[in-house]
Amino acid sequence: SGEKAEFEQCNKHTCMSMLPANRTSLQCTSKLDVIFLLDGSGSEADSGFAQSKAMVQKLLPAFDVSEQGAKIGVLVFGGPTDQAALDKCSGVNATSPPDMTTDCGMHWVSHPTNV
């Protein structure tokens, strides 16, 4: 086809110009719930898990964690380790609720909280 696309640069300024002198990231003041999910299954190398934790630590100061602001939680997941645990965690042939930590490999490091 004979269509032409024209491109124009936008947002030429850095976001750092919008920050107060004492901040290194933008501040989110919205009232919201945020859950960080970290893969603790071992499929990530130790360095990958460390990078994930570092990313969460870097993002946390950007939120206004307060009664009127954000609630933050951190969940580390590893997944079930065998078929019986998978069936229990997914509700297939489950005779009782699964233990989320031992059966499903999910561990709350921090429940969603604003305090």
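Residues numbered from 1 in each chain as written. Predicted model: local features only at pLDDT ≥ 70, side-chain atom pairs only at ≥ 80, totals over all residues. Heavy atoms only, no water.

Participant: Explain the sheet that holds strand β1 (residues 33-39) here, please?
Facilitator: Within a sheet, neighbouring strands are paired by backbone hydrogen bonds and run either parallel or antiparallel to one another. Taken in spatial order, the 3 strands line up as β1-β2-β3 in an open sheet, and their pairing is mixed. Each edge of the open sheet carries a strand with a single partner, namely β1 and β3 (106-113). Averaged over all adjacent pairs, the angle separating strand axes in this sheet is 10 degrees, with direction ignored. As judged from the 7 bridges shared by β1 and strand β2 (residues 71-77), these two strands associate in the parallel manner. Residue pairing for β2: leucine 38 is matched across the bridge by valine 76. (Pairing = 2+ DSSP bridges. Helix = DSSP H or I, 4+ residues; strand = E, 2+ residues; numbered from the N terminus. Axes fitted to C-alpha atoms, helices over the stretch in contact; angles between N-to-C directions.)

Participant: It is not clear to me how the confidence of the model for the protein should be interpreted in this structure. Could you clarify?
Facilitator: For the protein, the average pLDDT comes to 85, and 97% of its residues sit at 70 or higher. The least confident element of the protein, judged by mean pLDDT, is β3 at 86; the most confident is β1 at 93. (pLDDT = per-residue confidence, 0-100.)

Participant: Can you walk me through helix α2 (residues 83-90) in this structure?
Facilitator: An α-helix turns once every 3.6 residues. As a result, residues three or four positions apart point the same way. One side-chain oxygen at the N-terminal end of α2 lies 3.3 Å from the backbone nitrogen of alanine 84; it belongs to aspartate 82. Directly beyond the C-terminal end of α2, a positive phi value near 85 degrees is found at glycine 91. (Polar contact = N/O pair within 3.5 Å; in protein donor to acceptor, adjacent residues only side chain to side chain.)

Participant: Is there a simple way to explain the side chain of aspartate 103 in this structure?
Facilitator: For aspartate 103, the position within the fold is in the loop between α2 and β3. Separated by 3.5 Å, the side chains of aspartate 103 and lysine 88 make a polar contact. A polar atom in the side chain of aspartate 103 sits 2.8 Å from the backbone nitrogen of aspartate 99. In this structure, aspartate 103 is in contact with Pro80, Ala85, Lys88, Cys89 and Pro98, ignoring residues within four places of it in sequence. (Contact = heavy atoms within 4.5 Å.)

Participant: For this particular structure, what's the right way to read a nonpolar patch on the surface?
Facilitator: On the surface, a nonpolar cluster with roughly 360 Å² of combined accessible area is contributed by Ile35, Leu37, Phe77 and Trp108. Residue position: leucine 37 is located in strand β1. In this structure leucine 37 comes out as exposed when scored by relative accessible area, which is 54%. (Patch = residues over 30% accessible without salt bridge, like charges linked within 9 Å, V, L, I, M, F, W, Y side chains within 5 Å. Areas by Shrake-Rupley, 256 points an atom, 1.4 Å probe, with all protein chains shown as cover. Salt bridge = Lys/Arg side-chain N within 4 Å of Asp/Glu carboxyl O. Buried < 20%, exposed > 50% of the residue type's maximum accessible area, 1.4 Å probe, protein only.)

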